[in-house]
Amino acid sequence: MATAVVPKVYKNFINGEWVESRSGKSMENRNPANTDELIGMFPLATEDDVNAAIDAAREAYKTWRLVPAPKRAEILFRAAEILVRRKEDLARDMTREMGKVLAEARGDVQEAIDMTYYMAGEGRRLFGQTTPSELPNKFAMSVRQPIGVCTLITPWNFPMAIPSWKIMPALICGNTVVFKPASDTPLSAYNLVQVLTEAGVPRGVVNILTGSGSNVGAPLMKHPDVKVVSFTGSTEIGRVVSTACATDFKHCTLEMGGKNIIIVMDDANLDLAVDGAIWGGFGTTGQRCTAASRVTVHKKVYKEFLDRFTARAKSLKVGDGLDPSTAMGPCVNEGQLKTVMQYVHIGINEGARLAAGGHRLDSGNYKRGWFHQPTIFADCDPNMRVSQEEIFGPVVSVIPCDNLDNALDIANGVVYGLSASIYTRDVNKAFRALRDIYTGIVYVNAPTIGAETHLPFGGTKQTGNGHREAGTAAIDFYSEWKTIYIDYSDRLQRAQIDTGSFAHAE
């Protein structure tokens, strides 16, 4: 007689201990490619759990901030080494819980590795400035100082990379962390915290809670002992986060939506442009804030590009991301799939021409997962909803354009400003695009995805609130400047007032 498999049960991590949620309740984590597979049960935390985690982080901050930054860096370096050793297992766990193909999951883990190594290096480079004073016998310098307890709220599409963007710079600067991962991808977050624990992060420095936005996210943002909130997710929720932080003037960074564009000029290498549009539009099933969900193509090459693009999209194999032959995995959950299907209907009703895809896949091997065809709308007007609104799925709108000026107007004509790219062999056009596209990231002859950890990541307009993640820009967010003056003249000196002769400063 067959015996039912008992699912693995996970716990919250508070003050160095894996503990049950005070609610006693849990949520399921299922494979979006095969919802019959129950990956594990994860706790539904409560406000009491939130308070306990923040108390632990607040107490740990008193000593963690005093650990020399190079010593904090040694812990991160050990964590990076562990991530390297476990990369394959971590990637497979990620594919199982969020659906992206295994090669992309490996890339996600690699990004966490890269970020951890990078921030470990910054432990010896938390530089300030020394500068001559305008007064004699006076020394002037600036140093960085940590801020306190950080609340980090992350999405499901990059369940290890994005947490690493937030956790690693927060830790290297001397802050402590309470981390809420997305409910769709708690396992990858738990794996990352486990690695940090094994690497030697002290009790209370990193805490993790799973649960809903209302029961965990909201009290985390509003707690008076939280000094920093970092959020990645939708613009709608980001607005709520910003408002919650404003009352107490908390440091707040928001990384939100995108409606990114690829511009294809008439002199472009079309084979390269098609490659970029396929990867940009359908990588991670289009579930990236940097996904190329719009392509505007010069009318002289519009038909040729569209024919090649649609043929390639139709040839993509959709399926389980663990299958090496799969090119595109499922949507992360039923709600995301329904959103994609809704936008397909919106596009058709708006008069866009369905050139490829447009349907859910729900028969045979697909019937237990949240699969959708790679979908292309042709002959789109730039003001259509499918050309303006973030869909977060495998749907690309192709828009004809007359020239570069027209393409730039289309590129800038959305409320978002994260990423953009241009395909052209003309250096003058390339540099005009680099100057005139109002986004945080611009690529030339490459798709809109592919950010590297040592450069700032973030966007303009309703994509963000001006801060950047990754690189030294992250250090700027997770630390405060302190300016220090040391006067050894043994007399009162007044800056901007005592400006006489200093010939006899001694």
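As a reminder, the structure under discussion sits directly above these lines.
Calculation criteria
- Residues numbered from 1 in each chain as written.
- Predicted model: local features only at pLDDT ≥ 70, side-chain atom pairs only at ≥ 80, totals over all residues.
- Heavy atoms only, no water.
- Helix = DSSP H or I, 4+ residues; strand = E, 2+ residues; numbered from the N terminus.
- Buried < 20%, exposed > 50% of the residue type's maximum accessible area, 1.4 Å probe, protein only.
- Contact = heavy atoms within 4.5 Å.
- Phe/Tyr/Trp six-rings, centres within 6.5 Å; stacked < 30°, edge-to-face > 60°.
- Lys NZ or Arg CZ within 6 Å of the ring centre and 35° of its normal.
- Salt bridge = Lys/Arg side-chain N within 4 Å of Asp/Glu carboxyl O.
- 1 Å grid on protein atoms, 1.4 Å probe; cavity = no way out; pocket = protein on both sides within 12 Å on 5 of 7 lines; lining within 4 Å.
- Points joined across faces, edges and corners; volume = space filled by probe spheres on them.
- Nonpolar A, V, L, I, M, F, W, Y, C, P; charged D, E, K, R; others polar.
- Pairing = 2+ DSSP bridges.
- Axes fitted to C-alpha atoms, helices over the stretch in contact; angles between N-to-C directions.
- Parallel < 35°, antiparallel > 145°, perpendicular 65-115°, else oblique.
- Left-handed = near helix turned anticlockwise from the far one by under 90°.
- Patch = residues over 30% accessible without salt bridge, like charges linked within 9 Å, V, L, I, M, F, W, Y side chains within 5 Å.
- Areas by Shrake-Rupley, 256 points an atom, 1.4 Å probe, with all protein chains shown as cover.

(A) Region of interest: the environment of Thr185. The topology assignment puts Thr185 in the loop between β8 (176-180) and α6 (186-199). Overall, the relative accessible area of 1% leaves Thr185 in the buried class. Measuring from C-alpha to C-alpha, the distance between Thr185 and Asn31 comes to 9.8 Å, with 154 residues separating the pair along the chain. Once residues lying within four places of it in the same chain are set aside, the contact partners of Thr185 are Glu97, Met98, Pro155, Trp156 and Pro159.

(B) Geometry of the environment of Cys150. Within the secondary structure layout, Cys150 lies in strand β7 (residues 149-153). Taking the C-alpha atoms as reference points, Cys150 and Glu81, 69 residues apart in sequence, are found 25 Å from one another. Look past the residues within four positions of Cys150 in its chain and what remains in contact with it is Ala170, Asn175, Thr176, Val177, Val178, Val228 and Tyr478.

(C) Representation of the packing of aromatic side chains in the model. Overall, the coordinates contain 12 aromatic pairs when judged by the stated rule. Each ring, one from Phe42 and one from Tyr190, has its centre 5.3 Å from the other, and the planes form 70°; the classification is edge-to-face. Taken together, the positions of Phe42 in strand β4 (residues 34-43) and Tyr190 in helix α6 put the pair 148 residues apart, joining distant regions of the chain. Centre to centre, the rings of Phe477 and Tyr478 are 4.8 Å apart; their planes meet at 85°, and the pair counts as edge-to-face. The class for Tyr478 is buried, based on a relative accessible area of 2%. Among the aromatic side chains, those forming a connected cluster through ring pairs are Tyr10, Phe13, Trp18, Phe42 and Tyr190. Positioned above the aromatic ring of Phe158, the side-chain terminus of Lys100 is 4.0 Å from the ring centre.

(D) A look at the pattern of salt bridges. This structure, assessed with the given rule, holds 32 salt bridges. Notably, a salt bridge pairs Lys317 with Asp323, separated by 3.1 Å at the nearest N-O pair. Look at Lys317 and you get partly exposed, because its relative accessible area is 38%. Look at Asp323 and you get partly exposed, because its relative accessible area is 29%. Note that Arg353 and Asp379 form a salt bridge whose closest N and O atoms lie 3.0 Å from each other. Highlighted residues: Arg353 in strand β14 (residues 353-356) and Asp379 in the loop between β17 (375-378) and α12 (385-388), separated in sequence by 26 residues.

(E) Region of the structure containing empty space enclosed by the protein. Tallied over the entire structure, the rule returns two cavities of 30 Å³ or more. Size it by volume and the largest cavity reaches roughly 60 Å³. Around the largest cavity, the lining residues are Gly258, Lys259, Asn260, Gly286, Arg288, Cys289, Ala291, Ser293, Glu390, Ile391 and Phe392. Its residues assigned to classes, the lining of the largest cavity comprises four nonpolar, four polar and three charged. Of the pockets and cavities examined, the second largest cavity occupies roughly 40 Å³. Surrounding the second largest cavity, Lys259, Asn260, Ile261, Arg294, Ala411, Val414, Tyr416, Gly417, Leu418, Ser419, Ala420 and Thr439 form its lining. Secondary-structure elements contributing two or more residues to the lining of the second largest cavity are β19 (416-417) and β20 (419-423). Looking at the lining of the second largest cavity, its residues break down into six nonpolar, four polar and two charged.

(F) A look at the sheet that holds strand β13 (residues 294-298). Sheet architecture is open: seven strands sit in the order β14-β17-β18-β13-β12-β20-β21, paired in mixed fashion. In this open sheet, the two edge strands, each paired with only one partner strand, are β14 and β21 (441-444). Across this sheet, the average inter-strand angle for adjacent strands is 20°, counted without regard to direction. Bridging between strand β12 (residues 261-264) and β13 involves four bridges; their strand directions are parallel.

(G) A look at the packing of helix α3 (residues 87-98) against helix α4 (residues 102-122). As a packed pair, α3 and α4 sit with axes 8 Å apart at the nearest point and diverge in direction by 125°. The angle between the axes of α3 and α4 places the two elements in the oblique class. Viewed along their axes, α3 and α4 form a crossing whose handedness is right-handed. Where α3 approaches α4, its residues Lys87, Glu88, Leu90, Ala91, Arg92, Met94 and Thr95 are matched on the opposing element by Leu102, Ala105, Arg106, Asp108, Val109, Gln110 and Ile113. Across the contact of α3 with α4, the residue classes tally to seven nonpolar, two polar and five charged.

(H) Structural detail: a nonpolar patch on the surface. Taken together, Val427, Phe431, Leu434 and Val444 make up a surface patch of nonpolar side chains, about 360 Å² in accessible area. With three residues, helix α14 (residues 427-436) is the single largest residue contributor to the nonpolar patch. With respect to the element layout, Val444 can be found in strand β21.

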